[in-house]
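The primary structure of each chain is shown beneath.
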Amino acid sequence: MDWGMANRMSQLIQPDGHCVFMPIDHGYFLGPTSKLEQPGKTVEPLLPYADALFVTRGVLRSAIDPANTKPIVLRVSGGTSTVGADLANEGITTSIEEAIRLNASALGISLFIGTEFEKQSLLNLGKLVDEGEKYGIPIMAVTAVGKELEKRDARYLALCCRIAAELGARVVKTYWCEDFDRVVNGCPVPVIMAGGPQADTEREVMDFVHDGMQNGAIGINLGRNVWQSEHPVPMIRALRHIVHENASVKEAQEIFDSAKAGNGRVASVPA
Ligand code: 5RP
């Protein structure tokens, strides 16, 4: 791996091999999603506990302080909306020059495998990988399911992750599912878990994050289940413990309860 690529990967994936990304890119197709109406305000208290921020160029420029942030995974696919005809009909929205200007550490693109736009989406990935490799910028492929959340099973997600890796993604982000080891074992590059819509309880989220980590994920890219929680900072702290400290679900729950009660404010070195 070239020095630039290796350097960017190491900004994202921490020395323990794990990572906590904080996605706030949802507005690119959802508009002002609940609790993300003012993304800068939402993310500010969470940043100390994140290893990287997943964001579009518009929100990055307008809401994130360049002097006080984390490495950036730039969302560069889009062109559709939740009220439009088909979420799968995405293109590349941001040039590689713009990504370099914004000092992106990686680029993120969604894949819509099994849809009418599968080929377009996979060719977009191929082109983006070509550009990224030219400049030493890793590509994170996102296995999107659009509105069809029931697609999140091991057989489908394993297929998506493997194809993403075959086309050159350096990292793949996918949903947690039952038999998650099948997804990870078939994918030759690191796998990160996304969260999806808000779960009924925080415990449910801790359970699946723990299971995914035990089954080979290297980390998380969880948005709504953190910032739509009534207790976003305790939530990210609890999840960070699972990812970086190998905490059990019980230990994570204790971190959550303690942070919620106000015992343990922002630490200079997150724990
Ligand atoms: C949205 C994304 C998000 O980054 C991803 O889905 C993670 O966020 P969440 O945990 O809220 O699902 O790719 O397009």
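Scroll up to find the structure.
All figures in this text were calculated on a predicted structure; none of them were measured in a lab.

Visitor: For this particular structure, what's the right way to read the packing of helix α11 (residues 232–245) against helix α12 (residues 249–260)?
Guide: Each pair of packed helices gets described by two things: the angle between the helix axes and the distance between those axes. The interhelical angle for the contact between α11 and α12, taken along N-to-C directions, is 155 degrees, at an axis separation of 8 Å. When the interaxial angle is binned, α11 and α12 end up roughly antiparallel. Here α11 and α12 pass one another in a crossing that is right-handed. Each of Val-233, Pro-234, Met-235, Arg-237, Ala-238, Leu-239, His-241 and Ile-242 in α11 lies in contact with α12, whose residues at this interface are Glu-251, Ala-252, Gln-253, Ile-255, Phe-256, Ala-259 and Lys-260. Looking at the contact of α11 with α12, its residues break down into ten nonpolar, two polar and three charged.

Visitor: I'm lost on the sheet that holds strand β8 (residues 171–175) in this one. Help?
Guide: Within a sheet, neighbouring strands are paired by backbone hydrogen bonds and run either parallel or antiparallel to one another. The parallel closed barrel is built from eight strands, whose spatial order is β1-β2-β3-β6-β7-β8-β9-β10. Adjacent strand axes in the sheet meet at a mean angle of 25 degrees, parallel and antiparallel pairs treated alike. Looking at chain direction, strand β6 (residues 106–111) and strand β7 (residues 139–143) are connected through five bridges and run parallel. Across the sheet, residue Gly-108 finds its bridge partner in β7, namely Met-140.

Calculation notes
- Residues numbered from 1 in each chain as written.
- Predicted model: local features only at pLDDT ≥ 70, side-chain atom pairs only at ≥ 80, totals over all residues.
- Axes fitted to C-alpha atoms, helices over the stretch in contact; angles between N-to-C directions.
- Helix = DSSP H or I, 4+ residues; strand = E, 2+ residues; numbered from the N terminus.
- Parallel < 35°, antiparallel > 145°, perpendicular 65-115°, else oblique.
- Left-handed = near helix turned anticlockwise from the far one by under 90°.
- Contact = placed C-beta atoms within 7 Å.
- Nonpolar A, V, L, I, M, F, W, Y, C, P; charged D, E, K, R; others polar.
- Pairing = 2+ DSSP bridges.

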